[in-house]
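# Tertiary structure, described
Residues per chain are reported as follows:
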Amino acid sequence: NSIKDINSSKPYKLIILDCDNTLWGGVAAEDGIKSIKYGEDGEGKVYEDIQKHLKYLKSQGFLLSLSSKNDEKMVWKTLKQRKMALTKNDFIYSKINWKPKEQNIKNILNHLSIRSEDVIFIDDSEIEIKKVKTYIKKINTYKINDVIKYLDFVLNHEKLQTISAIKEDKKKIFQYKIKNKYEDLKKKNSGDKIYNNLKQKISILNISQHNFSRSLQLFNKTNQFNFTTNRYQANDIDDIVKNKHKQIKLIKFSDKFGDHGIIGLYVLNVKKDQIIIEDFIISCRVINRKIEEVVLLYILKKYKKKSNVFLNFIQNNSNKNIIGYFFKK
């Protein structure tokens, strides 16, 4: 395996934004919607350019959310009335209320199952930045001091760049909206009752030129539900495909709410009397849907004539929380 730590340079997954003096200049509730800076010359044009680029980043697979001490209706009204580049539909699971931002952001991260180190929070308030950073230590933050420098940051920061956006990236916000529907349903159902009407379907796919990029992405972006966090490059995957004793299988998932796409994969090493699951990966947005159990059962049944099936596990800070789920001490 080619083991490479790409955490230091890989793009953020989620951008959480304040509203006043972040999406537009001024305070909508105080200055009035018509008076805030957006779209005209000067700072207003800069804020428009910032929003347009954020919308582009969303189209490339970045998730956008809001955490703002504000009146929610006022925020959506401001975006709509000023015909801003960003609309309500561009944001996923926003928290616009008068609660502490650090609590709201923690709620957002838990709901979306995204690690704090994969998130950046942007705000114009030094106090809010410090409170969030104190409460969520690994989160990344950017304090807006100058709107031109803010635009430069959004345009050029290394972790707000994407080399290529694949189909799954562009569908990401839709897939997280599906997850929201599942979370809402889970609140109304206890235990395993929720699975009775979800109509979950799992498909096991061979690797091909159509899903090769997604395989590479899963190997190099998935952290929490990744049993080894081995980082494979394209040539490493090619080597596995050419090895007659090894195979890569992709996991496709759908439910009553829609198609979640390819959400995981595993690598098998098929020996004479045993099977070694060398890598096992599932996207964090579908954890705890019993997908992992069904896939493992599928492997056990398929290779029931083998004497043993082993699952390779290498513990690290990213995946250590899955130990209790799979291994009973």
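See the structure printed just above.
What you see is a predicted model; the values in this text were computed from it and never measured. (Residues numbered from 1 in each chain as written. Predicted model: local features only at pLDDT ≥ 70, side-chain atom pairs only at ≥ 80, totals over all residues. Heavy atoms only, no water.)

## What about the overall build of the chain?
Operational definition: Helix and strand assignments come from DSSP, with helices taken as H or I runs of at least 4 residues and strands as E runs of at least 2, each series counted from the N terminus. Radius of gyration here is computed from C-alpha atoms only, and the compact-globule reference equals 2.2 Å multiplied by the residue count raised to the power 0.38. Contacts were defined at the residue level, with two residues in contact if any of their heavy atoms lie within 4.5 Å. Residue exposure ignores everything except the shown protein chains as possible cover, and the areas themselves are Shrake-Rupley values with a 1.4 Å probe.
Helix and strand counts for the chain stand at 12 helices and 10 strands. On C-alpha atoms alone, the chain measures out to a radius of gyration of 22 Å, which is about the 20 Å that the 2.2 N^0.38 rule sets for 329 residues. Projected onto its principal axes, the C-alpha positions of the chain cover 75 × 45 × 35 Å. Sequence-distant contacts in the chain: of pairs separated by 6 or more residues, those separated by 24 or more amount to 69%. Roughly 16,700 Å² of accessible area belongs to the chain as shown, and the carbon and sulfur atoms make up 49% of that amount.

## Re the nonpolar core
Heads up, the rule is: What is meant by a nonpolar core is a set of buried Ala, Val, Leu, Ile, Met, Phe, Trp, Tyr and Cys residues, joined one to another through side-chain atoms within 4.5 Å. Note on exposure labels: buried denotes an accessible area under 20% of the residue type's maximum, exposed denotes more than 50%, and partly exposed covers the range between, all computed with a 1.4 Å probe on protein chains only.
Core analysis: the largest hydrophobic core is formed by 35 residues, its most contacted members being Ile-15, Leu-23, Trp-24 and Leu-54. Looking at this core, the elements that each hand over two or more residues are β1 (14-17), α2 (43-59), β2 (63-69), α3 (72-81), β4 (119-123) and α6 (147-156). Other than its neighbours up to four places away in sequence, Trp-24 contacts Cys-19, Ile-36, Lys-37, Tyr-38, Tyr-47, Val-75, Thr-78, Leu-79 and Met-84.

## What about the sheet that holds strand β5 (residues 140-143)?
What counts, and what does not: For two strands to be treated as a pair, DSSP must find no fewer than two bridges joining them. Interaxial angles span 0 to 180 degrees and are taken between N-to-C directions of axes, which are lines fitted to C-alpha atoms, for helices over the stretch in contact.
The parallel open sheet is built from 5 strands, whose spatial order is β3-β2-β1-β4-β5. One side of each edge strand has no neighbouring strand; the edge strands of this open sheet are β3 (95-97) and β5. When the angles between neighbouring strand axes are averaged without regard to direction, this sheet yields 20°. Examined bridge by bridge, β4 and β5 share 4 bridges and lie parallel to one another. Across the sheet, residue Ile-122 finds its bridge partner in β5, namely Tyr-142.

## Here we look at the packing of helix α4 (residues 101-112) against helix α5 (residues 126-135)
What counts here: Should an angle lie under 35 degrees it is considered roughly parallel, over 145 roughly antiparallel, and from 65 to 115 roughly perpendicular; all remaining angles are considered oblique. Take the far helix as your reference; a near helix turned counterclockwise from it by less than a right angle gives a left-handed crossing, and one turned clockwise gives a right-handed crossing. Ten residue types, Ala, Val, Leu, Ile, Met, Phe, Trp, Tyr, Cys and Pro, are classed as nonpolar, four, Asp, Glu, Lys and Arg, as charged, and the remainder, Gly among them, as polar.
At a minimum axis distance of 8 Å, the contact between α4 and α5 shows a crossing angle of 50°. For the element pair α4 / α5, the angle class is oblique. Between α4 and α5 lies a crossing whose hand is right-handed. Residues Lys-101, Glu-102, Gln-103, Ile-105 and Lys-106 of α4 form the contact with α5, whose own contacting residues are Glu-128, Lys-131, Val-132 and Tyr-135. Considered class by class, the residues forming the contact of α4 with α5 number 3 nonpolar, 1 polar and 5 charged.

## Details of the pairing of strand β10 (residues 308-311)
Our working definition: Viewed with both strands pointing away, a crossover whose connecting path from the first strand over the helix to the second turns clockwise is right-handed.
Pairing of strand β9 (residues 274-282) with β10, which is carried by 4 bridges, proceeds in the parallel orientation. For Ile-276, the partnering residue across the bridge sits in β10 and is Phe-310. With helix α11 (residues 291-302) bridging β9 and the parallel β10, this β-α-β connection has right-handed handedness.

## Details of the sheet that holds β9
Strand order in the open sheet made by the 5 strands is β6-β7-β8-β9-β10, with mixed pairing throughout. Where the open sheet ends on each side, the last strands, each with one partner, are β6 (201-206) and β10. Going across the sheet, the axis of each strand differs from the next one's by a mean of 30°, ignoring polarity. Pairing of strand β8 (residues 258-270) with β9, which is carried by 7 bridges, proceeds in the antiparallel orientation. Paired with Gly-264 across the strands is Ile-282, a residue of β9.

## Digging into the packing of aromatic side chains
Two measures describe an aromatic ring pair: the distance that separates the ring centres and the angle between the ring planes. Definition in use: Within 6.5 Å between ring centres, the rings of Phe, Tyr and Trp (the latter by its six-membered ring) count as paired, and their orientation is classed by plane angle as stacked under 30 degrees, edge-to-face over 60, tilted in between.
Taken as a whole and assessed by the stated rule, the structure comprises 8 aromatic pairs. Taking the centre distance of 6.3 Å and the plane angle of 40° together, the rings of Trp-76 and Phe-91 count as tilted. Taken together, the residues span a long stretch of sequence, with Trp-76 in helix α3 and Phe-91 in the loop between α3 and β3 at a distance of 15 residues. Geometrically, the ring pair formed by Phe-219 and Tyr-232 is tilted, given 4.3 Å between the ring centres and 50° between the ring planes. Of the two residues, Phe-219 sits in helix α9 (residues 212-221) while Tyr-232 sits in the loop between α9 and α10 (234-242), which places them 13 residues apart along the sequence. When its relative accessible area of 1% is taken as the criterion, Tyr-232 is described as buried. Through a chain of ring-to-ring contacts, the aromatic side chains of Phe-225, Phe-227, Phe-280 and Phe-313 assemble into a single cluster.

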